[in-house]
Amino acid sequence: MNKIFCAALMCATVVSAGAKDISVSPARITNIDAARTDNNLFVAMDIDMSDVKIGSNQELIVTPVLYSATDSLKLQDIIFAGRNRYYNEIRNGGDNNPYLFRNGDKAVANYRVTVPYQSWMSRSDIKLNYDVRSCCGDTIERPEPLPIAQLNMEPPVFAADFVYIPPKVEVDKVREETGSAFVDFVVNKTDIRPSYRNNTVELAKIRETIDLVRNDKDVTITGMNIHGYASPEGPYDNNIRLAKGRTEALKEYVRNLYHFDKDFITTEYTPEDWEGLRKYVENSNINNRQGILDIIDSNLAPDPKNSKIQSTYPTEYAFLLKNEYPALRHSDYVVRYKVRAYYDPKEILQVMRTQPQKLSLAELYAAAQTLEPGSADFNEVFDVAVRMFPSDAIANLNAANAAMGIGNYQAAERYLSKAGDSEQAEYARGVLNALKKNYTAARTHFGNASSIPQAKAALDSINQLESNKNKVNIIVK
């Protein structure tokens, strides 16, 4: 019996539009086909068992089975019965079974079955289980299951073609180091006393920032700005004098320390730092917070404004005077410098990992071109670029492409929100939506990027994906 069911295998690939044949001698299986909708799977095949010889009281039960690595489903049985067994089945209601056949020349089943589609079926196989039974229903022969076909119903995936944009070359790479020092002054005085209170530490902050730049062989220091602030207590006119005088004093201290030219350091001053006070109050849990904010935001002149806070909320004012007003007396400073150009990709990558602020977008992009697209190093370059230039449209666009390449669609969407309205950005938004299967939105974005060659190809790809959404690829065994 086993010899009767041995398979002569032949392979062909078919789809539902044009079914192919498979020959299993002496069983002949032809026209294997499958199709699916969103909810159902249809399986068809013609099974010719006319050459199979079984006894009059025997029956051959053929059971197509759909199976995958995780699950299986038995489809409807097909019964090929010997003469006596066939009429016994008819007498017991078998005439209602479309897949009951008498053994012999007409033992041909045009098998058609529809089952609910389940996700595990997306990549599955079909095999035929055989069971030869006696008149009493006992199994007397069970040949090996016969593999018939492999089904691939996994939906096609959009193949993204990312378009990276080379940034413009930054001719002069001007950078800044910033800081804030809280230099203390004797009450109502403007002269610098380096050893007064905590001035040793605060003045050291400024020197450390300047030295960091001056001692770097790759940069040239080009200038400095100091912006001095006073706090709101006391008469406004006197605060103008203090803010201006103390800022000039700090300028002269730094200039003499490094022997800078007279015009090397520029200065600004703010007599009363109401903006800093407002920020502190807004982010605090101080009592009557909103009332204090309303006074700060009012159109009152500085002196009446300070007096009104003091008279309306004396407890809170005393707290602010002690704990916040000293912090409003500060000097913000900016050290400007120019960085040399880098040309060696290996050196650029080395600098990127230690002092990325020295690099331009164009230098980072040039280094990325030497790396394997999609590799960890390649993606790191564009991640660093967008961190160094968070508002730059090209940096955000290229970072979005890199993020999409590793499936990080959330990051890509965040970057694309700052990538501008160029056609390249619209194309990238189309790619993101296509990868997320939002094809309607993708079409709109690709339409807005009509001058980009990849946009037309992407639209064609989406149309093909949509038309083949429920396509079943069959590999016949």
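Coordinates for the structure precede this section.
One structure accompanies this document, and this report is about it. (Residues numbered from 1 in each chain as written. Predicted model: local features only at pLDDT ≥ 70, side-chain atom pairs only at ≥ 80, totals over all residues. Heavy atoms only, no water.)

**Section: unusual backbone geometry**
So the rule is basically this: Helix and strand definitions follow DSSP, with helices as H or I runs of at least four residues and strands as E runs of at least two, each counted in order from the N terminus. Remark: exposure states derive from per-residue accessible area (1.4 Å probe, protein chains only) relative to the maximum for the residue type, with buried under 20%, exposed over 50%, and partly exposed in between.
Its identity is not glycine, yet His259 carries a phi of approximately 60°, on the positive side. Tracing the chain through its elements places His259 in the loop between helix H3 (236-258) and strand E15 (265-270). Positive phi, close to 65°, is recorded for Lys437, a residue that is not glycine. Inspection of the secondary structure puts Lys437 in the loop between helix H13 (423-435) and helix H14 (439-447). According to the relative accessible area criterion, Lys437 is partly exposed, its value standing at 48%.

**Here we look at the pattern of salt bridges**
Rules: Every case where a carboxyl oxygen of Asp or Glu lies within 4 Å of a side-chain nitrogen of Lys or Arg is listed as a salt bridge.
Counted according to the given criterion, the structure contains 28 salt bridges. A salt bridge links Lys358 to Asp216; its shortest N-O distance comes to 2.5 Å. In this pair, Lys358 is assigned in the loop between helix H8 (345-352) and helix H9 (361-368) and Asp216 in the loop between helix H2 (199-214) and strand E14 (219-229), connecting sequence segments 142 residues apart. Both residues of the pair, Lys358 and Asp216, count as buried. When salt bridges that share partners are traced, they join Asp216, Lys217, Asp218, Arg340, Glu347 and Lys358 into one network.

**So, the pairing of strand E17 (residues 473-476)**
Here is the rule: Pairing between two strands is assigned when DSSP locates at least 2 bridges connecting them.
What you see with E17 is a clean split: Ile474 and Val476 sit on the buried side and Asn473 and Ile475 on the side with no burial. Bridge analysis of strand E12 (residues 146-152) against E17 gives four bridges, and the strand direction is antiparallel. Paired with Asn152 across the two strands is Asn473, which belongs to E17.

**Section: the packing of aromatic side chains**
Put simply, the test is: Classification of ring pairs rests on two measures: the distance between centres of Phe, Tyr or Trp rings, Trp counted by its six-membered ring, which must be within 6.5 Å, and the angle between planes, read as stacked under 30 degrees, edge-to-face over 60 and tilted in between. Placement of a positive charge over a ring is assigned whenever Lys NZ or Arg CZ falls within 6 Å of the ring centre and within 35 degrees of the normal to the ring plane.
Inspection of the entire model under this criterion finds 12 aromatic pairs. Ring centres of Tyr164 and Phe378 lie 5.5 Å apart, and the angle between their planes is 85°; on these two criteria the pair is classed as edge-to-face. Linking Tyr164 in the loop between E12 and strand E13 (173-181) with Phe378 in helix H10 (residues 376-388), this pair joins segments that are 214 residues apart in sequence. The class for Phe378 is buried, based on a relative accessible area of 5%. Each member of the aromatic cluster is reached from another via a ring pair, and the members are Tyr164, Tyr365, Phe378 and Phe382. The ring of Trp274 is capped by Lys305, whose NZ or CZ atom sits 5.1 Å from the centre of that ring. Over the ring of Tyr415 we find Arg414, and its NZ or CZ is 5.2 Å from the ring centre.

**Here's the deal with the sheet that holds E14**
Counted only if it meets this: Here the axes come from fitting lines to C-alpha atoms, over the contacting stretch only for helices, and the angles between their N-to-C directions go from 0 to 180 degrees. Contact criterion: two residues are considered in contact whenever any of their non-hydrogen atoms come within 4.5 Å of each other.
Read from one edge of the open sheet, four strands run E13-E16-E14-E15, paired in mixed fashion. Every other strand in the sheet has two partners, leaving E13 and E15 as the edge strands with one partner each. Taking each pair of neighbouring strands and ignoring which way they run, the sheet shows an average axis angle of 20°. Bridge count between E13 and strand E16 (residues 331-339): nine bridges; the pairing is antiparallel. Within E16, the residue paired with Val174 across the bridge is Lys338. Where H3 meets the sheet, its contacts fall on E14, E15 and E16, and the angle it forms with E15 comes to roughly 160°.

**Overview of the nonpolar core**
Nonpolar side chains in soluble globular proteins tend to be buried together. Short version of the rule: We define the nonpolar core as a collection of buried residues of types Ala, Val, Leu, Ile, Met, Phe, Trp, Tyr and Cys that are connected through side-chain atoms lying within 4.5 Å of one another.
Formed by 72 residues in total, the largest nonpolar core has its most connected members in Phe158, Met224, Leu250, Val254, Tyr427 and Phe446. Leaving out residues up to four positions away in the same chain, Tyr427 has contacts with Asp161, Val163, His445, Phe446, Ala449, Ile452, Gln454, Ala455 and Ala458.

**Some thoughts on the packing of helix H4 (residues 274-282) against helix H5 (residues 289-296)**
Note the cut-off: Oblique is the label for any angle not covered by the other classes, which are roughly parallel (under 35 degrees), roughly antiparallel (over 145) and roughly perpendicular (65 to 115). What makes a crossing left-handed is the near helix being turned counterclockwise from the far one by less than a right angle; a clockwise turn instead makes it right-handed.
Taken N-terminus to C-terminus, the directions of H4 and H5 make an angle of 160°; their axes are 10 Å apart at the nearest point. Classified by the angle their axes make, H4 and H5 are roughly antiparallel. Every pair of crossing elements has a handedness; the one defined by H4 and H5 is left-handed. Between H4, through Trp274, Leu277, Arg278, Val281 and Glu282, and H5, the contact on the second element is made entirely by Arg289, Ile292, Leu293 and Ile296.

**A closer look at helix H11 (residues 393-405)**
How we decide: One fewer than the residue count of a helix, multiplied by 1.5 Å, yields its expected span. Polar contacts, as used here, are pairs of N or O atoms within 3.5 Å; protein pairs need one atom able to donate a hydrogen and one able to accept it. Residues neighboring in sequence count only if both atoms are side-chain atoms.
Compared with the 18 Å implied by 1.5 Å per residue over 13 residues, the 19 Å span of H11 between its first and last C-alpha is a close match. Three or more residues of H11 are buried, namely Ala395, Asn396, Leu397, Asn398, Ala399, Ala400, Asn401, Ala402, Ala403 and Met404. Residues of H11 that are buried make contact with H9, H10, helix H12 (409-416) and H13. Of the residues flanking the start of H11, the one acting as N-cap is Asp392, its side-chain oxygen 2.9 Å from the backbone nitrogen of Ile394. Gly407 lies just past H11 and shows a positive phi near 80°.

Such coordinate-based values are descriptive only and should not be taken to indicate function.
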